[in-house]
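Chains, contacts and geometry: an overview
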Protein chains: 10
Amino acid sequence: MERGVKALKALVVGRLQQVKLQSGLSYNQIAEKTGLTNVYVAQLLRRQAQLKPHTAPRLRSALPQLSEDLVEEMMKPPMRSYDHDLIQEPTVYRLNEAVMHFGESIKEIINEEFGDGIMSAIDFYCSVDKVKGVDGKDRVVVTFDGKYLPHTEQRSEDMVSRISKEK
Amino acid sequence: MERGVKALKALVVGRLQQVKLQSGLSYNQIAEKTGLTNVYVAQLLRRQAQLKPHTAPRLRSALPQLSEDLVEEMMKPPMRSYDHDLIQEPTVYRLNEAVMHFGESIKEIINEEFGDGIMSAIDFYCSVDKVKGVDGKDRVVVTFDGKYLPHTEQRSEDMVSRISKEK
Amino acid sequence: MERGVKALKALVVGRLQQVKLQSGLSYNQIAEKTGLTNVYVAQLLRRQAQLKPHTAPRLRSALPQLSEDLVEEMMKPPMRSYDHDLIQEPTVYRLNEAVMHFGESIKEIINEEFGDGIMSAIDFYCSVDKVKGVDGKDRVVVTFDGKYLPHTEQRSEDMVSRISKEK
Amino acid sequence: MERGVKALKALVVGRLQQVKLQSGLSYNQIAEKTGLTNVYVAQLLRRQAQLKPHTAPRLRSALPQLSEDLVEEMMKPPMRSYDHDLIQEPTVYRLNEAVMHFGESIKEIINEEFGDGIMSAIDFYCSVDKVKGVDGKDRVVVTFDGKYLPHTEQRSEDMVSRISKEK
Amino acid sequence: MERGVKALKALVVGRLQQVKLQSGLSYNQIAEKTGLTNVYVAQLLRRQAQLKPHTAPRLRSALPQLSEDLVEEMMKPPMRSYDHDLIQEPTVYRLNEAVMHFGESIKEIINEEFGDGIMSAIDFYCSVDKVKGVDGKDRVVVTFDGKYLPHTEQRSEDMVSRISKEK
Amino acid sequence: MERGVKALKALVVGRLQQVKLQSGLSYNQIAEKTGLTNVYVAQLLRRQAQLKPHTAPRLRSALPQLSEDLVEEMMKPPMRSYDHDLIQEPTVYRLNEAVMHFGESIKEIINEEFGDGIMSAIDFYCSVDKVKGVDGKDRVVVTFDGKYLPHTEQRSEDMVSRISKEK
Amino acid sequence: MERGVKALKALVVGRLQQVKLQSGLSYNQIAEKTGLTNVYVAQLLRRQAQLKPHTAPRLRSALPQLSEDLVEEMMKPPMRSYDHDLIQEPTVYRLNEAVMHFGESIKEIINEEFGDGIMSAIDFYCSVDKVKGVDGKDRVVVTFDGKYLPHTEQRSEDMVSRISKEK
Amino acid sequence: MERGVKALKALVVGRLQQVKLQSGLSYNQIAEKTGLTNVYVAQLLRRQAQLKPHTAPRLRSALPQLSEDLVEEMMKPPMRSYDHDLIQEPTVYRLNEAVMHFGESIKEIINEEFGDGIMSAIDFYCSVDKVKGVDGKDRVVVTFDGKYLPHTEQRSEDMVSRISKEK
Amino acid sequence: MERGVKALKALVVGRLQQVKLQSGLSYNQIAEKTGLTNVYVAQLLRRQAQLKPHTAPRLRSALPQLSEDLVEEMMKPPMRSYDHDLIQEPTVYRLNEAVMHFGESIKEIINEEFGDGIMSAIDFYCSVDKVKGVDGKDRVVVTFDGKYLPHTEQRSEDMVSRISKEK
Amino acid sequence: MERGVKALKALVVGRLQQVKLQSGLSYNQIAEKTGLTNVYVAQLLRRQAQLKPHTAPRLRSALPQLSEDLVEEMMKPPMRSYDHDLIQEPTVYRLNEAVMHFGESIKEIINEEFGDGIMSAIDFYCSVDKVKGVDGKDRVVVTFDGKYLPHTEQRSEDMVSRISKEK
């Protein structure tokens, strides 16, 4: 994407992380105060999600250090992106490893249980939770919860854009 | 994906193309007989889409050469894929060129007109049409028509999978 | 391309986006005022297209904040390019996904309906439209409309450059 | 990995899929009969996991078509791998998109809640579930549940292999 | 592209090269007999170009060994492609080197002499010629001769596909 | 990962290397004073590992030039990463060469001696030692010592996160 | 190549382009005044070619704004390079497309007409010309004219470096 | 490398693995019988190392199923190679992760303790061992033991090949 | 390159290696009998060089097992290529390492000693020799000996192809 | 490698090149004054090799402009690296082309003449020389002269690091 966009995003994220640091709050604590999932809060503070009008007041009260221009910036649709080197980070690699090694199995189970469709990554929730395993040891639970989207059958009569064009 | 899956897909597509050749019909003609878009018909005959039960009879009557085992195979959710070298084909390259060079502009207009979301490629229609330009010359019109999907705000109270987990 | 070119382009785009922001106009609104497609306006303001002399006055009147040196810069043939990471953006990825998964089908339909040729990406129009689907929900329609270019048969007598060389 | 290994794996997986097809059971049904997660069953039938001795009888009774040589093969440690093109499949791409776009956030929350460590992909569970969203629509829930592994501090006195070397 | 397509193409090219070998003719000799450029003849015999109806008789008479089924196959629009390893061949590498090192200069001269547009690779001629240099030594002359295509200004009123949609 | 994170890491590492330079100590000497492996000390001073509270005093006394803000920074979980060009360095290439050429053998021996599992890179020690070979020449010994992690069998009854979800 | 070299080249090219802009001359006009091909002039002004002593006076008189230090810099052998993204530019892509799709044919014709050798890209001329096609429309002609270099047969008696070594 | 070489290697390795299977011996057991490291035995049986004449008898007696033509084949210098997908295997990935994340530290320690040189991967030993950690759990120890090779200072008087050339 | 070409090349090379094996001769011995460099002999027997008519008799007498159809095949201009995985072979990697790490230095010395030009890889000799180092140990000497090719100044009056075109 | 290291290296190289420029000496002239090969001098001045204590005085006297801090810097073990784009430079590409196209032949000749081993790139000399070919034309001779390193047989009794571990 255009350079200015990337540079601005980096700048804003730097300032948002500063605000979080000053607040002394964890993502979980901000999540509790705002009613959002912990991952979504982290996405908001890294400009990977848009702050919605009805949530802005709750975020402002959770993070009083947040200036108005930052809130305004957070309310714009972000340019979603990531650094390719992120795959080097052991935590991210292992998640990626699971997706690639289990991917075909996950797809087939979705097909069996839902039909020919996918799990949306847009109408989507993600959380990180801590549970105790059967051996009493801590376990990380990452939940991906996305709407089931069936592949549409492309019938001409349902393709509104084409009907109008044909007239 | 697993080798057998790829090999089987190639085999089935080869047989489907043979059936189409024998029928002497174009994709447009099959589209008309089945009420599907021309691109979707081509996707069906290359195992990139699933044949739905209510459409099977219409396809069978359009292509009487289609054997029952092929129809059965076509009704399974396909493993969607493409050959990387396809990008070498001038037609496909130019479509890709348009998407990459215009992509950021398209995203921004979607943001302005719809909000923070995307055009679904799953609830999606595609057609290829022929029109005369203002200079009277033939033009190719490729229409991409996908449902608008807004990025969800990930609120804990709406994340059903998490609520149940917390109980 | 040469570094200075890239840096200058980034600078100019940054200033053009600033002008648009100050105008408070959307791409659609500028499109209406200038008689251009919405995507083309966005391309102009990102230096991916050349501003033509007869359009300059209309753009100036739509965006009075536009300084003369910016207009002059916009009238030069641009160096067309994109950031590779753009493919990460979900909107752009899904367009790319559609092109690669449907590409071979689109090519074959062009061959059947037009002959052995391609859709030009140079004599080309693109627009983003909003329609209501049969379920009453918003849909994004991206239209690619390019001149059909038949692959020429390379006959020696028609190859002017060679004839002259042979003399 | 060595060619013979890959070819043998493809062959075995082809036969295992055949067995599943003949049984008429879904992954979920086999999971229920064997007490395994649905994803793990799918991994077993694609030779991405090792069949354990105490589970073999249950799998044999769930899939009576399973021949002894297949069971024996399934009990060997597999060579884990995947086809790079799997990323083209829309389902797998979206999971990957989620991991890469949310990855840094997930890492930071793990750091805040657990410390400097990762979610293991080896001491790991994965399941695919179906839930109803707050809008009553079907949702896919993919759960990744891995043991928390703290990065060890590498103290010389605890490095047994070095101590013995120094003696 | 789909596997069968690639395999069939390889098979047909193998047979075409056999025909050429049996004829004992060079590409230049066939070019002379058919009125085509030498490069185009080579493209035809490698299924990188479509044989046109009015040229078929001339090719048949130049290469009497050509069977009817091959001629028929040659008259279909080909799937254009190349092997990536071709870049290893010193001849092809040096052409590529010239294009990449001189590319920006060529673009700028086209802009200065023609305007904001490109050299078409579709309405295009290519030939290989032998000339004597000023030092009397043999030189290879590769001529690329393509139609100049100006980038269109995308005016809404000229976008036929859109007008009809708006009605 | 986010730009600010990378820039900050580079800055901190630059300062830490400066501290080491001023101390005049080698990694081995610091390792001896702190009871850590030599590689781990180097990782700490390049922000690839987290300084633990009980080790901080020993590091401070080994490197009195270390300022408090650096110590604080070192105690945060780092973002682990490396520069891709590192593979060009002959030392690193040869280690990589050994891993890739011997990798399949190492895996098979682990399978034979331990079972279906891996060597953890998280619960892990690494050291570089100097020994005399049988020819009396210096040899470099790099030891990788990681906990054996068996691939878990994913039994539903042991998947705590799923049990709670089902309730 | 080393960073300083790249930075200096970018700086010099920026200044050279400035000089050209001030002169108001096109590459063709400078070519005419200096007796060089238009592409070579453009290469000189982008530091992709070395300015020869006997040409320096002619370039100085064509571009009187050229300072002595720039002329001196231009007389050094340049570090030839290009930006990978240049392939995105439609003009450059289409040249590359032609080379890759026609490459094998060009090689074979060179083999037939010249023998086992290549077209040099070093003893090489390139020009961009404008011609009218048989339809009266403008066409771009890019000519690549390189010395034919036969692959040498490597006879020991002709390998001077080896003979001397053996003595 | 040339195709036949690869195919032959795969064939031979397949047969060697068969021999090992029939023997019922582990790599460790063969290592003990032959006096080789366990990794080296595995390399021999995968044609990644050359069987030396004095070791052939011991290997023959350890693996009596080994036919003479296999022994002969094993005594040729192998073409060393690996499958790129091996990096997907979790065991191999973690070794690679360790090398890349610790690589710069390992290099610096070698520089401090030995000087400006590297660990050879040719005069090299590798073993996999099992030890009990301080917590009594099994640990995998992979030892890389390579000769230290100092980078030579390239003095003309020591460059024998050049001296002879100059004479 | 086209598949048949690759498959044929592999087949021919396999047979040529068989002939060499039967002859019991080393490359050096064949080199001595034919007056070619040892590397060139190896290239001939791997179809990376063309057998010249005056050398064919000498090769036939050195390798009487060589059938006439193989000799004929060897006299055709080869399609030069290599397997990408060759870079994995330690010998080839180290040559490549030397070229890349020393490349810029070699270029600058050529510039200083010869001018703005390159070492040809076409008018080129290569040999592998064995010498004793000053320490009495064996050393491998690889000599690359290529004609110096100066980059031409592209003067219009010397560009024969263009002159004729202008007439 | 870490950013500061790269930036410092670039800075130092820039200063070293400045020193060379001021001295007015060529690499060959410095080589003669210091007794080093010309390539090694160039490597020293680009921080790709370590300046040895006994050579420092000779370099200082050859280049009196060399400041003490530069000499000190040059005496540290360098981080060896190169810019990937270097492969674009025609001189470097042709060397690389030779290595890749001749690589397998060179390996096989080393195997025949020396045994199963490689040419070291560490105990290594490189020079660039100018010779007259049999046609009286200038030729570039690049000599690679590296110690022969046999692949060790990995016998347990010779693996000192393991023996000590077992005790």
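Residues numbered from 1 in each chain as written. Chains lettered and ligands numbered in written order. Predicted model: local features only at pLDDT ≥ 70, side-chain atom pairs only at ≥ 80, totals over all residues. Heavy atoms only, no water.

1. With respect to the pattern of salt bridges
For the record, the criterion: The term salt bridge refers to a pairing of a side-chain nitrogen on Lys or Arg with a carboxyl oxygen on Asp or Glu at a separation within 4 Å. The way it works is that DSSP assigns letters per residue, a run of H or I at least four long becomes a helix, a run of E at least two long becomes a strand, and they are numbered from the N terminus. Accessibility here uses a 1.4 Å probe with only protein chains present; expressed as a share of the type maximum, an area under 20% marks a residue as buried, one over 50% as exposed, and anything in between as partly exposed.
In the structure shown here, the tally under the stated rule is 160 salt bridges over all chains. A salt bridge links Glu89 of chain F to Lys107 of chain H, with the nearest nitrogen and oxygen atoms 3.8 Å apart. In this pair, Glu89 of chain F sits in the loop between helix 5 (68-74) and helix 6 (90-113) while Lys107 of chain H sits in helix 6 (residues 90-113), so the two residues belong to two different chains. Exposure class is identical for Glu89 of chain F and Lys107 of chain H. Each is buried. A single network of salt bridges, built from pairs that share partners, joins Lys6 of chain A together with Asp83 and Asp85 of chain C.

2. Re the relation of the copies chain E and chain G
Quick note on the threshold: The copies were overlaid by least squares, fitting only the C-alpha atoms of residues that reach a pLDDT of 70 or more in each copy. Throughout, a contact is declared for two residues whenever any of their heavy atoms are within 4.5 Å.
Laying chain E over chain G is done by rotating through 180° and shifting 0.0 Å along the axis; what remains is an RMSD of 0.0 Å. With respect to symmetry, the two chain copies, as superposed, fit the operation of a two-fold axis. Using C-alpha coordinates, one finds that chain E approaches the rotation axis most closely at Thr143 of chain E, a distance of 2.3 Å. When you check the interface residues of chain E against chain G, 100% turn up at the interface there too, and the contact is symmetric in its surfaces.

3. As for the UniProt feature "active site" (unreviewed entry) in chain A
Under the convention used in this document: UniProt positions are given in the numbering used here, feature names are shortened, and annotations may be inferred rather than shown by experiment. We define a polar contact as two N or O atoms separated by no more than 3.5 Å, with the added condition that, inside protein, one atom must be a possible hydrogen donor and the other a possible acceptor, whereas residues neighbouring each other in sequence contribute only through side-chain atom pairs.
Here the UniProt feature "active site" (unreviewed entry) sits at Arg94, Glu97 and Ser120 of chain A. Within the secondary structure, Glu97 of chain A is located in helix 6 (residues 90-113). For Glu97 of chain A, the contacting residues outside a window of four places in its chain are Ala121 of chain D together with Pro90 and Arg94 of chain H. By secondary structure assignment, the location of Ser120 of chain A is in strand 1 (residues 117-132). The exposure class of Ser120 of chain A is buried, given its relative accessible area of 1%. Beyond its immediate chain neighbours, meaning those up to four positions away, Ser120 of chain A contacts Gly146, Lys147 and Leu149 of chain A together with Leu149 of chain B. Reaching out from Ser120 of chain A, the side chain makes a polar contact with the backbone nitrogen of Ile122 of chain A at a distance of 2.9 Å.

4. Side note on the relation of the copies chain D and chain C
There are two copies of the chain, and a rotation about an axis plus a shift along that axis relates them. Of the transformation superimposing chain D on chain C, the axial component is 0.0 Å and the angular component is 180°, with the fit at an RMSD of 0.0 Å. A high fraction, 100%, of the interface residues of chain D reappear at the interface in chain C, so the copies pair face to face through one surface.

5. Considerations on the interface of chain D and chain C
What counts here: In short, buried area is how much 1.4 Å probe accessible area vanishes from two parts on joining, totalled over both. In this count, Pro and Cys sit with the nonpolar residues alongside Ala, Val, Leu, Ile, Met, Phe, Trp and Tyr, while Asp, Glu, Lys and Arg are called charged and the others, Gly among them, polar.
Contacts between chain D and chain C engage seven residues on the former and seven residues on the latter. In total, about 600 Å² of surface goes out of reach between chain D and chain C, with carbon and sulfur atoms giving 38% of it. Looking only at chain D, the three residues that lose the most surface to chain C are Tyr93, Arg94 and Glu97 of chain D, adding up to 60% of its buried area. There are two salt bridges connecting chain D and chain C. Across the salt bridge formed by Arg94 of chain C and Glu97 of chain D, the nearest N and O atoms sit 2.9 Å from each other. Summed over the shared surface of chain D and chain C, the number is four residue pairs in polar contact (both at pLDDT 80 or more). By residue class, the composition of the side of chain D that touches chain C is three nonpolar, two polar and two charged.

6. Observations regarding the interface of chain E and chain G
By convention, interface size is frequently given as the accessible area that disappears when the constituent parts associate. Defined as follows: Following DSSP output, two strands are said to pair if at least two bridges run between them.
Residue-level contacts link 65 residues of chain E with 65 residues of chain G. Carbon and sulfur atoms make up 65% of the area that chain E and chain G hide from each other, which totals about 6,600 Å². The largest contributions to the chain E side of the interface with chain G come from Met100, Arg139 and Val140 of chain E, which together make up 11% of the buried area. Where chain E packs against chain G, one counts 12 salt bridges. A salt bridge links Glu104 of chain G to Arg46 of chain E, with the shortest nitrogen-to-oxygen separation between them at 2.9 Å. For the pair chain E and chain G, the number of links is 30 residue pairs in polar contact (both at pLDDT 80 or more). At the level of elements, helix 1 (3-23), helix 2 (27-34), helix 3 (38-44), helix 6 (90-113), strand 1 (117-132) and strand 2 (138-150) of chain E are the ones that each hand at least two residues to the side of chain E that touches chain G. Here the side of chain E that touches chain G takes 22 residues from helix 6 of chain E, the largest share from any one element. Across nine bridges, the pairing between strand 2 of chain E and strand 2 (residues 138-150) of chain G is antiparallel.

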